[in-house]
Amino acid sequence: MTHDPAAPDNATSAIWGGRFSAGPAEAMERINPSIDFDRALFAQDIAGSRAHCSMLVAQGILSDADGAAIRDGLDRVEQEIRDGRFPFSRALEDIHMNVEARLRELIGEPAGRLHTARSRNDQVATDLRLWVRERIDALDAELRALQKALIDQAETHAGTVMPGCTHLQTAQPVTLGHHLLAYTEMFGRDRGRLADCRRRLNESPLGAAALAGTAFPIDRARTARDLGFDGPMRNSLDAVSDRDFAVEFLAACALAGTHLSRLGEELVLWATPQFGFVTLSDAFATGSSIMPQKKNPDAAELVRAKAGRLVGALSNLLVVLKGLPLAYGKDMQEDKEPVFDAAETLGLCLSATTGMVADMTPDPEAMRRAAAVGFTTATDLADWLVRVPGLPFREAHHVTGRLVRLAEERGVALADLPLDAMQAVDGRITADVHDVLTVEASVASRTSTGGTAPANVRAEVAEARRRFLDDAGES
Ligand code: ARG
């Protein structure tokens, strides 16, 4: 067995042992291997080997018999890994050498021919692209599910009035549906960024070999096609050293995580007794070990926090790549953990957020009450003074300010100021001013494109279903 790193026949590597007379130091054995994490690439690695093998046979570089033996052996290796009985070895460093070494044990000599016209450098670049491509498709589906949860709630709450804030100070009334559709737009852009990344990454590095290409008459277009790539990467040096796709992926994940963090923060705020805007379902909350009355929004808090990991993964990889000379450097082995962690973290945050949004119970009464606090229809009053008696906006702003002060002194809402008191401030005010002073009237009037009016929100819900869910209301 070559799988035990402590075994004497493993003192020098079976793969490149020809040049070496001494084995690795103990710290080297710990710093060098990537198998503990890059085993996640096994399916992509084997798919790449299958494509490479078929191409070698088609090009007459490998005999049919060797090709058949290799393909059969790769099937067996894959099955062993899937069944959890594959003997992973740190001494064999990474997934590429683990697979090849096991192949040799299973099928003997032909295994040694698989690596013709190939290097681990183009292999790993290919594997990681395939892996990221798959995760992008999965994350797109998860982002879509979150959008669906948001759109469904937005439809239910197209007319639910809540305070809209700037500076986290109540500013003007908006609708909850409008607020939730704002996030739907953000996640739509996140899907667009992932789709852009997918488009650009979908070129095959395979066949670039170590860095310079190969003298064997390979067919890179064939392996590219086999693996679902649009075509081969055009420059072999770039093919083995480019990790832009991973950076773009992490950037898209970091931004999606940032959006999720903002939503997480709002859920935390809305669920406090002080706000009381929503009740989160028990399924996404925890209790306190000492305070029996508590229900804590842990999932929302964790989503808020995990943006830190996602942003960290992005800066991690950027710093790894900065200043790296062409072509491959072992530094690049450090690309994988941030990519794996970010994909998993984002997927988890998306599942939790989708659940919280779908299960939350908004309290329209509490939101409406809060929306009326703080003279939130003052802008509507000023606009009325411009529209009806025809005051210049600056003067209307001033008159409204005096009316707000009056309401404040009397401890009433603007809508509850008697007409004569208002007329004492400005004689041009008439009874129909009261039409614009309620929060319902305020949101209903905001019908400009992209505005918060319930009618707009209902139309935008239908549009969002068409744009993001590709259905007309059913799903
Ligand atoms: N484990 C390596 C990585 O992840 C694979 C490529 C190794 N290439 C090499 N020339 N040592 O980057």
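Residues numbered from 1 in each chain as written. Predicted model: local features only at pLDDT ≥ 70, side-chain atom pairs only at ≥ 80, totals over all residues. Heavy atoms only, no water.

Brief notes about the side chain of Gln147
Move 1: Its location among the elements puts Gln147 in helix H6 (residues 120-156).
Move 2: When its relative accessible area of 0% is taken as the criterion, Gln147 is described as buried.
Move 3: Excluding its chain neighbours within four sequence positions, the residues that come into contact with Gln147 are Thr184, Phe187, Gly188, Arg191, Phe468 and Leu469. (Helix = DSSP H or I, 4+ residues; strand = E, 2+ residues; numbered from the N terminus. Buried < 20%, exposed > 50% of the residue type's maximum accessible area, 1.4 Å probe, protein only. Contact = heavy atoms within 4.5 Å.)

Considering the layout of surface pockets
Move 1: Of the pockets and cavities examined, the largest pocket occupies roughly 530 Å³.
Move 2: If you trace the largest pocket, you find 27 residues lining it, with Pro163, Gly164, Cys165, His179 and Glu266 closest to the centre.
Move 3: Those elements giving two or more residues to the lining of the largest pocket turn out to be strand S1 (161-166), strand S2 (169-175), helix H7 (176-201) and helix H10 (244-271).
Move 4: Of the residues that constitute the lining of the largest pocket, the class distribution is 14 nonpolar, ten polar and three charged. (1 Å grid on protein atoms, 1.4 Å probe; cavity = no way out; pocket = protein on both sides within 12 Å on 5 of 7 lines; lining within 4 Å. Points joined across faces, edges and corners; volume = space filled by probe spheres on them. Nonpolar A, V, L, I, M, F, W, Y, C, P; charged D, E, K, R; others polar.)

Structural notes on the site of the ligand
Move 1: For the ligand, the full set of nearby residues is Ser34, Asp38, Asp94, His96, Arg120, Asn121, Val124, Tyr328, Gln333 and Lys336.
Move 2: One of the side-chain nitrogen or oxygen atoms of Arg120 is found 3.3 Å away from a nitrogen atom of the ligand.
Move 3: Lys336 has a polar side-chain atom sitting 2.6 Å from an oxygen atom of the ligand.
Move 4: For the ligand, whose unbound accessible area comes to 340 Å², protein coverage reaches 86%.
Move 5: The biggest single contributor to the shell around the ligand is H6, with three residues. (Near = heavy atom within 4 Å. Polar contact = N/O pair within 3.5 Å; in protein donor to acceptor, adjacent residues only side chain to side chain. Areas by Shrake-Rupley, 256 points an atom, 1.4 Å probe, with all protein chains shown as cover.)

Structural notes on the packing of H7 against H10
Move 1: For the pair H7 and H10, interaxial distance at closest approach is 8 Å and the crossing angle is 165 degrees. By the angle class used here, H7 and H10 are roughly antiparallel. In this structure, the crossing between H7 and H10 has a hand that is left-handed. Between H7 and H10, the residues in contact are Leu176, His179, Tyr183, Met186, Phe187, Asp190, Arg193, Leu194, Cys197, Arg200 and Leu201 and Phe245, Glu248, Phe249, Ala252, Leu255, Ala256, His259, Leu260, Arg262, Leu263, Glu266 and Trp270, respectively. (Axes fitted to C-alpha atoms, helices over the stretch in contact; angles between N-to-C directions. Parallel < 35°, antiparallel > 145°, perpendicular 65-115°, else oblique. Left-handed = near helix turned anticlockwise from the far one by under 90°.)

Considering the pairing of S2
Move 1: Note: S1 against S2, six bridges, orientation antiparallel. By the bridge assignment, Met162 is partnered in S2 with Val174.
Move 2: Two successive antiparallel strands, S1 and S2, enclose a turn made up of two residues, where His167 displays a positive phi of approximately 60 degrees. (Pairing = 2+ DSSP bridges.)

Concerning the packing of aromatic side chains
Aromatic ring pairs are reported here in terms of the distance separating the ring centres and the angle at which the planes meet.
Move 1: In total, this model carries four aromatic pairs according to the counting rule given.
Move 2: When the ring of Phe86 is compared with that of Phe88, the centres are 4.7 Å apart and the planes differ by 55 degrees; the resulting orientation is tilted.
Move 3: Here the guanidinium or amino end of Arg39 rests over the ring plane of Phe88, the centre of that ring lying 4.0 Å away.
Move 4: Taking the ring centre of Phe229 as reference, the NZ or CZ of Arg133 above it sits at 5.2 Å. (Phe/Tyr/Trp six-rings, centres within 6.5 Å; stacked < 30°, edge-to-face > 60°. Lys NZ or Arg CZ within 6 Å of the ring centre and 35° of its normal.)

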